[in-house]
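Chains, contacts and geometry: an overview
The chain contents come next:
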Amino acid sequence: MPEHILFLTGKLAEKQLRRTLEEMEPDFLWKVQPLGITVAALMTADMIRRRLKDTQGADRILVPGRCRGDLVSLSADFGLPIERGPDELHDLPEFFGKQARRPDLGRYELRIFAEIVEAPQLDVDGILRRARDYRRDGADVIDLGCLPATPFPHLTAAVQALKAEGFGVSVDSLEPEDLVQGGRAGADFLLSLREDTLWVADEVAATPILIPSPHGDLDSLDRAMAVLQAKGRDFIVDPILDPIHFGFTDSILRYHEVRRRHPQADIMMGVGNLTELTHCDTAGINATLLGICSELHIRSILATQVSKHARRAVREADLARRILYAARELNRLPKHIDDRLMALHERSPFPLSRGEIQELYEAIKDPSYRILVSPEGMHIFNRDGLHTAEDPFALYPKLGVETDGGHAFYLGVELARAQIAWQLGKRYTQDQPLEWGCQVDLKEDPTINPHAYKPSGPTLHQRREREAPDGDILLPEGNP
């Protein structure tokens, strides 16, 4: 027997939900149950517990993605699974079509070395704080960068402190003395040894990273590898990635050639020469370079976060390695796996058409303003009218909030968000911050903002739920 799913929704979304399900032609049976509220996004677990009297023989209940509350205990109370669907109604077909094949992003093969470039200029506590941040963002190894002609008297103490907290540690210097000191202190890796400094590997147990000398000479790299192979030592090789217009294309070819010559070699790519030295958003650079790493089975990268525009490089690399590993293992393109590397744009930014917004407007009976975005611009409406514009200032004279500073401020904030979303091609949901993927830290539940404006007048938009005697929402919010 096909599965029977009961969809809980609000009054405004009921018609659209039914239409979406009919167009999907799903392989399950379904029923739609409005729960006596206007806006589905305001649904809570407690509300469902109070109001849902008949599950209509369902095998599973699907609630709106923004439904708040404990669905685990709610499922136990009703004796069947109750799950959140997608945040946006128009994403429902994809939710069902992709759900069973959603890749596991818990797996990857790439190791991220995150370099603290100015380590000699930080005290040990400062190094530990930076290392903890890098580890939180996904780094596997903390790389201590040694600066030319800069003393690093606390190198040993820094390595030992990092090891005491369980970090993998590498020391990065072209001075053999720094590498020997770091290795003796307990570093796991040493960057970088050349053919003429291989003696360092005889002094310490740390795994060396080998580079060609002179630059670009793969034959010298081959000879260095042969020496360590003869001694039974592990090593990593780095042909060196060069910046754009300073040998970038040739350096990519070197990585390909090293893999051709040495199918089993452990290879590293220093991606910072592109992320730091190219003024464009680093997420795309990281995804592209890690795509090359994925194809060539390069299992280590050296990432840096020196330039302000590269401040999320480690986090981007962590997400990219997971996406690309999943795509490769599934033999598919790295699309429709995870959207968090798309900070500026979204693949489906405008879920509602101008006609559907008009349809919603015609169903509104209260004075609260709703704001939605479509390809035509920003739309703000209540029972008294629907207004559309590309510039928020064009809307202000039509809203009647000249004497209410608080409400004007609230609408100004929301319309500014809507304008940014419309200009960039991003999803906009009223009362929620725009989503910027892995580029921002989410320090609070975006659906419950304690600083959100909460006006008291009956004609003003409310942030929290207020119920009328018949159970309807007097002042609904956001996207239905």
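In this report, the structure presented in the accompanying data block is examined. (Residues numbered from 1 in each chain as written. Predicted model: local features only at pLDDT ≥ 70, side-chain atom pairs only at ≥ 80, totals over all residues. Heavy atoms only, no water.)

Below, the discussion takes up the packing of helix H10 (residues 248-261) against helix H12 (residues 282-296). At a minimum axis distance of 10 Å, the contact between H10 and H12 shows a crossing angle of 20°. Judged by the inter-axis angle, H10 sits roughly parallel to H12. Both H10 and H12 take part in a crossing whose hand is right-handed. Together, Phe248, Ile252, Tyr255, His256 and Arg259 of H10 and Leu289, Ile292 and Leu296 of H12 make up the contact between the two elements. Residues of the contact of H10 with H12, tallied by class, amount to 6 nonpolar, 1 polar and 1 charged. (Axes fitted to C-alpha atoms, helices over the stretch in contact; angles between N-to-C directions. Helix = DSSP H or I, 4+ residues; strand = E, 2+ residues; numbered from the N terminus. Parallel < 35°, antiparallel > 145°, perpendicular 65-115°, else oblique. Left-handed = near helix turned anticlockwise from the far one by under 90°. Contact = heavy atoms within 4.5 Å. Nonpolar A, V, L, I, M, F, W, Y, C, P; charged D, E, K, R; others polar.)

To continue, consider the pairing of strand E1 (residues 4-9). Across the 6 residues of E1, 6 count as buried, placing the element largely inside the fold. On E1, burial covers both faces: His4, Leu6 and Leu8 on one face and Ile5, Phe7 and Thr9 on the other are all buried. Sheet topology note: the E1/strand E2 (residues 29-34) ladder contains 6 bridges and is parallel. Directly across from Ile5, in E2, lies its bridge partner Trp30. As for the winding sense of the linkage, the β-α-β connection from E1 through helix H1 (residues 11-24) to E2 is right-handed. Pairing geometry for E1 and strand E3 (residues 60-63), over 3 bridges, is parallel. Bridged to Leu6 within E3 is Ile61. (Buried < 20%, exposed > 50% of the residue type's maximum accessible area, 1.4 Å probe, protein only. Pairing = 2+ DSSP bridges. Right-handed = clockwise from strand over helix to strand, strands pointing away.)

Once that is clear, we can look at the nonpolar core. Among the nonpolar cores identified, the biggest contains 71 residues, and Leu144, Leu162, Leu190, Leu210, Val237, Met269 and Ile301 are the most heavily contacted of them. For this core, the element with the highest residue contribution is helix H13 (residues 313-329), accounting for 8 residues. In contact with Leu210, other than residues within four places in its own chain, are Leu193, Leu198, Leu221, Ala224, Met225, Leu228, Phe235, Ile236, Val237 and Asp238. (Core = buried A, V, L, I, M, F, W, Y, C linked by side-chain atoms within 4.5 Å.)

This brings us to the pattern of salt bridges. What the rule picks out here adds up to 38 salt bridges. A salt bridge links Arg60 to Glu83, with the nearest nitrogen and oxygen atoms 2.9 Å apart. Remark: Glu83 occurs in strand E4 (residues 82-84) and Arg60 occurs in strand E3; sequence separation between them is 23 residues. Given a relative accessible area of 10%, Arg60 falls into the buried group. Linking Arg322 and Asp318 is a salt bridge whose minimum nitrogen-to-oxygen distance equals 3.0 Å. You can see Arg322 and its partner Asp318 sitting in helix H13, 4 residues apart, about one turn around the helix. For Asp318, a relative accessible area of 13% gives the class buried. Where salt bridges share partners, they join Asp133, Arg136, Asp137, Arg312, Arg315 and Asp441 into one cluster. (Salt bridge = Lys/Arg side-chain N within 4 Å of Asp/Glu carboxyl O.)

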